Amino acid sequence: MGPKLGRREQKKLANRHAILDAGLMVFSSIGYDRATIMDVVEASGLSVGTLYNHFGDKDTIFAELVCMLVRDVRAVLSDARSKAYDMESFIMGAFLAYGELIEGQPKMQQLISKNSNIFRHFVSAEDELAGLIEDLERDMKIAVDSGLMPKFPVSLMTSTMMGASVEVFSEGIGSQTAKEKAEFLGHIFLGGIQRLTNV
């Protein structure tokens, strides 16, 4: 446990959270393109100056929300893959863990759905995404080397999984839940690996 924050630091942290919460609310309801910095200011209940002390513009707020999500996804997927005991639990377990994470954050799910193009852009530019990709490739190589999964082109599979995941989960909420999308992707990749390796 870190040192206790002083009153000033607590206030700064509370203001930062209020701005991010307001950004999430605004971007998920009216969308990134229509949103203005004043919409976020009003939703946060803070002053314009306070907002600019923390974030320079709406791009920075949106980017931070995306970064927070990718960080959460990275942790959840690494944890799910570390518990895998066979190919199905490795692939399906990770997709389902992601689906559960997204379903547990309805505002974030709505933000992704309402801003799918800009979300893809920000995700692609996010440094944390590189770590998520490296984690997946490393874990798949370990799984293949240890015999948990058969041999297949790991780098190609990593790129394909990441691309498909971003596309499928960026689509509108529609009639499919995040869990259903996760199961769909899991079946696609399990079937693909089996076909590639004739398992």
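Moving on to the side chain of Thr158. By the secondary structure assignment, Thr158 is in helix 9 (residues 154–170). For Thr158, a relative accessible area of 1% corresponds to the buried category. Leave out the neighbours within four places in its chain, and Thr158 touches Ile133, Leu136, Glu137 and Met140.

One pass over the full model with this rule turns up 2 cavities of 30 Å³ or more. Counted as a void, the largest cavity has a volume near 310 Å³. In terms of lining residues, the largest cavity is bounded by 19 residues, among which Val73, Leu77, Leu132, Met162 and Ser165 are the most central. Listing elements by their share of the lining of the largest cavity, those giving two or more residues are helix 4 (58–82), helix 5 (87–103), helix 7 (116–125), helix 8 (127–145) and helix 9. Of the residues that constitute the lining of the largest cavity, the class distribution is 17 nonpolar, 1 polar and 1 charged.

All told, the structure shown has 10 salt bridges when counted by the stated rule. Taken together, the shared-partner salt bridges connect Arg74, Arg81, Glu128, Asp135, Arg138 and Asp139 into one network.

Here we take up the environment of Lys107. Tracing the chain through its elements places Lys107 in helix 6 (residues 106–114). A relative accessible area of 40% places Lys107 in the partly exposed class. Residues Lys107 and Asp21 lie 86 residues apart in sequence; the distance between their C-alpha atoms is 9.7 Å. What Lys107 contacts, discounting residues up to four positions off in sequence, is Leu24 and Ser28.

This part covers the confidence of the model for the protein. Confidence along the protein averages 90 in pLDDT terms, with 96% of residues attaining 70 or more. Here helix 7 is the element of the protein with the lowest mean pLDDT, 86, and helix 2 (residues 37–44) is the one with the highest, 96.

Moving on: the packing of aromatic side chains. Inspection of the entire model under this criterion finds 7 aromatic pairs. Considering the side-chain rings of Tyr32 and Phe62, the 5.1 Å spacing of their centres and the 70 degrees angle between planes classify their relative orientation as edge-to-face. Here the residue Tyr32 occupies a position in the loop between helix 1 (7–29) and helix 2, and Phe62 occupies one in helix 4, the gap between them amounting to 30 residues. Per residue, the accessibility class of Tyr32 equals that of Phe62, and both read buried. Where Tyr32 meets Phe122, the ring centres are 6.0 Å apart and the plane angle is 65 degrees; that geometry is what we call edge-to-face. With Tyr32 in the loop between helix 1 and helix 2 and Phe122 in helix 7, the pair connects residues that are 90 residues apart, well separated along the chain. For Phe122, a relative accessible area of 11% puts it in the buried group. Above the face of the Tyr32 ring, Lys58 is positioned so that its terminal group lies 4.3 Å from the ring centre.

Looking now at the nonpolar core. With 56 residues, the main nonpolar core has Ile61, Ile91, Leu111, Met140 and Met149 as its most contacted residues. Element by element, the count of residues in this core is highest for helix 5, at 9 residues. With residues near it in sequence (within four places) discarded, Met140 still touches Phe90, Met149, Phe152, Val154, Met157, Thr158 and Met161.

This part takes up the side chain of Asn15. Checked against the element boundaries, Asn15 lands in helix 1. Relative accessible area serves as the criterion here: at 12%, Asn15 is assigned to the buried category.

Okay, helix 5 next. Between its first and last C-alpha atoms helix 5 spans 24 Å; for 17 residues at 1.5 Å apiece the expected length is 24 Å, and the two agree. For helix 5, the principal kink sits at Gly93 and spans about 25 degrees. Of all 17 residues in helix 5, 12 are buried; the element is thus mostly enclosed. Within the sequence span of helix 5, burial applies to Met87, Ser89, Phe90, Ile91, Met92, Ala94, Phe95, Ala97, Tyr98, Gly99, Leu101 and Ile102.

Reading guide: rules and limits
- Residues numbered from 1 in each chain as written.
- Predicted model: local features only at pLDDT ≥ 70, side-chain atom pairs only at ≥ 80, totals over all residues.
- Heavy atoms only, no water.
- Helix = DSSP H or I, 4+ residues; strand = E, 2+ residues; numbered from the N terminus.
- Buried < 20%, exposed > 50% of the residue type's maximum accessible area, 1.4 Å probe, protein only.
- Contact = heavy atoms within 4.5 Å.
- 1 Å grid on protein atoms, 1.4 Å probe; cavity = no way out; pocket = protein on both sides within 12 Å on 5 of 7 lines; lining within 4 Å.
- Points joined across faces, edges and corners; volume = space filled by probe spheres on them.
- Nonpolar A, V, L, I, M, F, W, Y, C, P; charged D, E, K, R; others polar.
- Salt bridge = Lys/Arg side-chain N within 4 Å of Asp/Glu carboxyl O.
- pLDDT = per-residue confidence, 0-100.
- Phe/Tyr/Trp six-rings, centres within 6.5 Å; stacked < 30°, edge-to-face > 60°.
- Lys NZ or Arg CZ within 6 Å of the ring centre and 35° of its normal.
- Core = buried A, V, L, I, M, F, W, Y, C linked by side-chain atoms within 4.5 Å.
- Expected span 1.5 Å × (residues − 1).
- Bend = angle between axes of the 7 residues up to and from the residue.

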